[in-house]
Amino acid sequence: MNARNIAVLAAAAFLLTLVQFFAAMGGPGIALAASLSLAFLSLLLMKMFEVELPNPWLAVAPPLAAGLLGVLLWSLAQPQIDRLYWMAPALAGALAAAIVWWQNRDARRCALCNCRLSGKISFICPRCNLEVCETKCWDFEKIRCRLCVQNSVPLFPPSRQWWDRHVGPPALQGRCQVCQVGPDEADLRTCPKCGRPQCVECWDDSNGLCARCGWRVQALPESLKMFLTDQS
């Protein structure tokens, strides 16, 4: 956990301690009611400042500590206090634990960074079928997970027969309009719509899209079609 997250947690605990302390001035009933709000306020602050915890159960610490410190400070100011005040920390911690449990009851985790996917947007990569989180492990531009980007995992079959059937025969002259390789260096396939050549690696990297006219290979996996708005 980095210094920013620690600072946010400390600031949240301090603010919640003040809430509990001033609520205690109104009597044990108000103190107990305020302790219940500590859990919601703490989780709201962590969500607002996008605090990422290595363990979700650490979210219980700020409201629990704030409830205890708030009542403790009040007990120092008022030596004789009602025993009900000491229920406030337990209520704050119990409610925070219940909320954390509810938020994390879904045990799914990102296949790459291992973060919990409960309450987050996730995608199933059309190339490797791994479920990954939106924030760290999904590439919106290339429509695949970052692992597939790094390893250049192919989308289409490598067989020449497949490319012959769905794009056309190899181009024997010209250069790929994307990477500029020639027919002696790569397998070039001409776009059926505009006639511009493109190597199969660039066809694959663009998810079957022609860089010139926007025509797209029709034999797309169903797992990819759901991400596309153009079906040229």
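Being a predicted model, the structure only gives us computed values, none of them experimental. (Residues numbered from 1 in each chain as written. Predicted model: local features only at pLDDT ≥ 70, side-chain atom pairs only at ≥ 80, totals over all residues. Heavy atoms only, no water.)

Another point: the nonpolar core. One finds Cys110, Phe156, Trp163, Trp203 and Val217 to be the most contacted residues of the largest nonpolar core, which totals 26 residues. Elements that contribute at least two residues to this core include exactly strand S2 (131-133), helix H7 (160-166) and helix H8 (200-205). Among all residues touching Val217, those that are not within four sequence positions of it are Phe156, Trp162, His166, Val167, Trp203 and Gly208. Among the nonpolar cores identified, the runner-up in size contains 11 residues, and Met46, Val51, Ala59 and Val100 belong to it. (Core = buried A, V, L, I, M, F, W, Y, C linked by side-chain atoms within 4.5 Å. Buried < 20%, exposed > 50% of the residue type's maximum accessible area, 1.4 Å probe, protein only. Helix = DSSP H or I, 4+ residues; strand = E, 2+ residues; numbered from the N terminus. Contact = heavy atoms within 4.5 Å.)

Per the counting criterion, the structure on display carries 11 aromatic pairs. A ring pair is formed by Phe21 and Phe22, whose centres lie 5.4 Å apart and whose planes are at 70 degrees; its orientation type is edge-to-face. (Phe/Tyr/Trp six-rings, centres within 6.5 Å; stacked < 30°, edge-to-face > 60°.)

Let us now look at the side chain of Asp187. Counting through the fold element by element, Asp187 comes out in the loop between H7 and strand S5 (188-190). Since its relative accessible area comes to 15%, Asp187 is described here as buried. Polar contacts involving the side chain of Asp187 include one to the side chain of Arg189, which spans 3.0 Å. (Polar contact = N/O pair within 3.5 Å; in protein donor to acceptor, adjacent residues only side chain to side chain.)

Attention now moves to a nonpolar patch on the surface. Taken together, the side chains of Leu68, Leu69, Leu72, Leu73, Leu76 and Trp86 present a nonpolar region at the surface, about 580 Å² in accessible area. Positionally, Leu72 belongs in helix H3 (residues 61-77). Residue class for Leu72 comes out partly exposed when judged on its relative accessible area of 39%. (Patch = residues over 30% accessible without salt bridge, like charges linked within 9 Å, V, L, I, M, F, W, Y side chains within 5 Å. Areas by Shrake-Rupley, 256 points an atom, 1.4 Å probe, with all protein chains shown as cover. Salt bridge = Lys/Arg side-chain N within 4 Å of Asp/Glu carboxyl O.)

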